[in-house]
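Here are the chains, one letter per residue:
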Amino acid sequence: MTAADQTLRHLVAWGLPGGPEEPLDLDGVQGLTRLSAWHRVTGVVLEALADGAATGIGDDLIESLEEQHRRILHQSLAAEADLVWVTDRYREAGIEFRVLKGCATAHLDHDDPALRTTSDVDLLVRHHDFRRASDLLAAVNDRQAPPPDLRPDWNDRYARERAVKIVVGAWIDIHQTLVAGYWGMSIDHDALFEDPSDFVVAGRRLLGLGANDRFAHAVIHAGFSSVVRIQSFRDVAVLAARHDVSPVDILNDSRWRPISGLLGRGIERTATLLPMAPELVEWAGSVRPRRRESMAFRTLNGGDGGSYYRSGPLALPPWQWPRYLYPIVIPSQEYLDWHGRSRLDHFGRALPRWRRRP
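Residues numbered from 1 in each chain as written. Predicted model: local features only at pLDDT ≥ 70, side-chain atom pairs only at ≥ 80, totals over all residues. Heavy atoms only, no water.

Glancing now at the packing of aromatic side chains. Tallied over the full model, the rule gives 7 aromatic pairs. A centroid spacing of 5.6 Å and a plane angle of 70 degrees characterise the contact between Trp154 and Tyr309, whose relative ring orientation is edge-to-face. Note that Trp154 is positioned in helix 7 (residues 154–158) and Tyr309 in the loop between helix 14 (291–298) and helix 15 (321–329), a separation of 155 residues in sequence. Taking the relative accessible area as the measure of exposure, Tyr309 reaches 19% and is therefore buried. In this structure, Arg126 is placed above the aromatic ring of Phe193, and the distance from its NZ or CZ to the ring centre is 4.2 Å. Across from the ring centre of Trp38, 4.4 Å away, lies the NZ or CZ of Arg229, which sits over that ring. (Phe/Tyr/Trp six-rings, centres within 6.5 Å; stacked < 30°, edge-to-face > 60°. Helix = DSSP H or I, 4+ residues; strand = E, 2+ residues; numbered from the N terminus. Buried < 20%, exposed > 50% of the residue type's maximum accessible area, 1.4 Å probe, protein only. Lys NZ or Arg CZ within 6 Å of the ring centre and 35° of its normal.)

Dropping the structure here:
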C-alpha cells in the first residue's frame, strides 16, 4: 500500500464513527489528487482537509483537488439531468421505478449531495416492465456502446440490468435485479418497491429505496463487485451510522437470508478499508452461507462480472437450466461479432468454466 493509499483511507474515514481523530502529515505524499479523483471522493477529501484531518497541506494540493472536484461535479449534474429526462418519459409511460445508488444516496444520506458524486444513472424497474423500460430509450441509444443480448429474451428473463448509452448523455443502467446470478434470483425485488424514500431533483419528486434497503444494497455492492471504488465502501459506513435501526437487524432480515454470505463479504471488505461497528464485523465473521450460496461462490473463478451468471442455475428449477445455460455457452452471432470472437473461441472460454462449477 502506497503512502497515498494510506492517506486517502485516513481522509475518507475522517468524521466516521470510529474514524481517526489525530491529523496526518501530508508532507511528501504524492498522487493524492489522482487517487481521490479515481475513487470519486474529492469532495470528501476536501471536507476532511477543511476540518483539520491533516497538516502540511499545500495550496497546490487544494487547487488540484478543487479542479478535479469541479470536473466530477459536472459529471454528476449531467447524470442528474439524464435522470430527470428519463423520469419524465417513464412517468408518461406509466413505468414505476426506484432510483439506486449515487443519485439517490447523495440526496437522502448526505447533508451535502456534492459529497456523493456519480457518473451514471441506476434505476430499478419491476421485472414485467424491464423490456418496455429498455425499448422506451431505444430511439436515443448509442448502439455502438452497449453489447447485444446473448440471445433474444435471455436478458429479459435473467439479466441483472441493461445498460443504455444515451447519445447526448451518460449511461442509464436499467436494473430488474440488484445483483446477477444466484443472488439476484434469490431476492424478492417487488418488496424493494415498498416503503420508498423520496427526494427532489429539478422539481421532480423521485423515489429511492427505503433507508434499510439502501444500506443492504450498499453492502451487496461492496461484496459483489470485483472492482469497487472507496466511495462505494464509504456508502456502507455512512448508511450504517446514519439510521436508527441496528445494521445487524437489517442484514438479518429474512428477505436477505439467501444471500447472507454475500452481505457478510461486503461488510468484511468494507472493514478492511474503513472503520465499522464491532457488532457488524462480528456478525460478518459469524455468517455461514447456505449450501446453495456456498456452491454459487465456487462458480466465480476470480469474480469477473460475467462469472456471476454461471451461478444462476442454483436458483432455478432443473427444467429451466437448458433455457438459461444455452445462450451463455452458445450466444447469438450478433453478440459474438460485437465481442470479436468466433463461436469456437467463445465455446472454449465458456466450457472450462462450467466444468469447474460444482
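Picking up where we left off.
So, about the packing of helix 12 (residues 260–271) against helix 13 (residues 278–286). Where helix 12 contacts helix 13, the axes come no closer than 8 Å and their chain directions differ by 135 degrees. For the element pair helix 12 / helix 13, the angle class is oblique. Helix 12 and helix 13 meet at a crossing whose hand is left-handed. Only Leu280, Val281, Trp283, Ala284 and Gly285 of helix 13 make contact with helix 12, whose side of the interface consists of Ser260, Leu263, Gly264, Ile267, Glu268 and Ala271. (Axes fitted to C-alpha atoms, helices over the stretch in contact; angles between N-to-C directions. Parallel < 35°, antiparallel > 145°, perpendicular 65-115°, else oblique. Left-handed = near helix turned anticlockwise from the far one by under 90°. Contact = heavy atoms within 4.5 Å.)

So, about helix 14. Owing to its 3.6 residues per turn, the α-helix brings residues three or four apart onto one side. Listing the buried residues of helix 14 in full gives Glu293, Met295 and Ala296. End-on view of helix 14: buried residues confined to an arc of 155 degrees, all on one side of the axis. For helix 14, exposure combined with an orientation more than 90 degrees from the buried face picks out Arg291 and Arg298. Buried-residue contacts for helix 14 involve helix 8 (181–185) and helix 12. (Arc of directions from axis to C-beta.)

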